[in-house]
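# Close look at the chain arrangement
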Amino acid sequence: MGLQRFERRLERLVEGTFSKAFRSGLQPVEIGRRIVREMDAGRTLGVRGTIVPNDFTVELSADDIERFSGFVDALAQELVDAVREHAREERYSFEGPVAVHLELDERAKRGDLRIRAEIVGGAMPAIGSIVMPDGKRVALGESTAVIGRMPECAVTLSDPQTSRQHAEIRHNETGYRIVDLGSTNGTEVNGVKITEMPLSDGDVIVIGATSLRFEES
């Protein structure tokens, strides 16, 4: 499950410098569990299937905000990843980009947790990302992004099985699609060799011997 992966990533995140902050009090994984429950509770049937909240405001006490302050951006990104993975597993859809905000609630006591979950509609922006093997993200916009070994590629891979210009990701009015550029070893999406195909959130792209993940927002 997405939350199990979230817990494992979180363990790595809080190792070393931040480990002392988690010996007691509110644990970040509790926030992840509550967000997932709010997603399930807020689901509704839409034109594209089951729609769930995509914008989450996590209200915390001053003490807990201080404890998380050294890595609040990393924690927020891990929570966003947990939301996306749970949505993929349950086949949920979003009306807009996923966002998690950690904010101060001056009335809250240490350990208190309040979450506001909203469905924020509107057109999805032309922003996607490629998640690299080390977890780093390469943002995609409306411009075509080339994947290959050449240093000027938007997604540069050192994999010797990757062609100099191996594939490219294009954006149009319906979203993103990947196109193989006549590469030597071909391009796969979710285990199937392709020439060109649209991309969906969570698709696994294999370029040479390197696995990448596509995220819509």
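Residues numbered from 1 in each chain as written. Predicted model: local features only at pLDDT ≥ 70, side-chain atom pairs only at ≥ 80, totals over all residues. Heavy atoms only, no water.

## Things to note about the packing of aromatic side chains
Scanning the model with the defined rule gives one aromatic pair in all. With a centroid separation of 5.6 Å and 65 degrees between ring planes, the pair formed by Tyr-176 and Phe-214 is classed as edge-to-face. Of this pair, Tyr-176 sits in strand β12 (residues 175–180) while Phe-214 sits in strand β17 (residues 210–215); the two residues are 38 residues apart in sequence, bridging distant segments of the chain. Phe-214 matches Tyr-176 in its accessibility class, with the two residues each being buried. (Phe/Tyr/Trp six-rings, centres within 6.5 Å; stacked < 30°, edge-to-face > 60°. Helix = DSSP H or I, 4+ residues; strand = E, 2+ residues; numbered from the N terminus. Buried < 20%, exposed > 50% of the residue type's maximum accessible area, 1.4 Å probe, protein only.)

## Side note on the sheet that holds strand β16 (residues 204–207)
Reading across from one edge, β8-β7-β17-β16-β13-β14 is the order of the six strands in this open sheet, with antiparallel pairing throughout. Only two strands of the sheet have a single partner each, and these edge strands are β8 (137–140) and β14 (192–194). Ignoring which end each strand starts from, the neighbouring axes of this sheet average 30 degrees apart. Here strand β13 (residues 187–189) pairs with β14 via three bridges, running antiparallel. Opposite Thr-187, over in β14, you have Ile-194 as the bridge partner. (Pairing = 2+ DSSP bridges. Axes fitted to C-alpha atoms, helices over the stretch in contact; angles between N-to-C directions.)

## Describing the nonpolar core
Burial of nonpolar side chains together is a common tendency in soluble globular proteins. Within the largest apolar cluster, 23 residues are counted, with the highest numbers of intra-cluster contacts made by Ile-31, Ile-35, Met-39, Val-58, Leu-60, Val-100 and Leu-102. Elements with a minimum of two residues in this core: α2 (28–41), β3 (55–60), α4 (72–90) and β5 (99–104). When residues in this core are grouped by element, the largest group, six residues, is from α4. When residues no more than four places from it in sequence are discounted, the contact partners of Leu-60 are Leu-26, Ile-31, Ile-65, Phe-68, Leu-102, Glu-103, Leu-104, Asp-105, Ala-108, Asp-112 and Leu-113. Of all hydrophobic cores here, the second largest spans 18 residues; its members include Met-132, Ala-145, Ile-169 and Ile-178. (Core = buried A, V, L, I, M, F, W, Y, C linked by side-chain atoms within 4.5 Å. Contact = heavy atoms within 4.5 Å.)

## Here we look at the pairing of β17
Note that strand β7 (residues 128–131) and β17 share three bridges and pair antiparallel. The residue bridging Ile-130 from the neighbouring strand is Phe-214, located in β17. For β16 and β17, the ladder comprises four bridges, and the chain directions are antiparallel. Following the sheet pairing, Val-204 is matched in β17 by Arg-213. Counting the residues that bridge the hairpin from β16 to β17 gives two residues, and of these Gly-208 lies at a positive phi of roughly 65 degrees.

## Here's the deal with α2
For α2, which comprises 14 residues, the first-to-last C-alpha distance of 20 Å matches the rise-based estimate of 20 Å (1.5 Å per residue) to within 8%. Of all the residues in α2, the buried ones are Pro-28, Val-29, Ile-31, Gly-32, Ile-35, Val-36 and Met-39. Projection of α2 onto a plane perpendicular to its axis shows the buried side chains occupying an angular sector of 150 degrees, all on one side. (Expected span 1.5 Å × (residues − 1). Arc of directions from axis to C-beta.)

## As for α4
At 3.6 residues per turn, the α-helix brings residues three or four places apart onto the same side. Taking 1.5 Å per residue, 19 residues should reach 27 Å; α4 reaches 27 Å between its end C-alpha atoms and fits that length. Looking only at α4, the buried set comprises Leu-75, Ala-76, Glu-78, Leu-79, Val-80, Asp-81, Ala-82, Val-83, Arg-84, Glu-85, His-86 and Ala-87.

## As for the pairing of β12
Most of β12 is tucked away: five of the six residues are buried. Bridge analysis of strand β11 (residues 167–172) against β12 gives six bridges, and the strand direction is antiparallel. Within the sheet, the bridge partner assigned to Asn-172 lies in β12 and is Gly-175. Between β11 and β12, which pair antiparallel and follow one another directly, the connecting turn spans two residues. Sheet topology places β12 next to strand β15 (residues 196–198); three bridges connect them, and they run antiparallel. Of the residues in β15, the one forming a bridge with Ile-178 is Met-197.

Geometric values such as these leave the question of function open.
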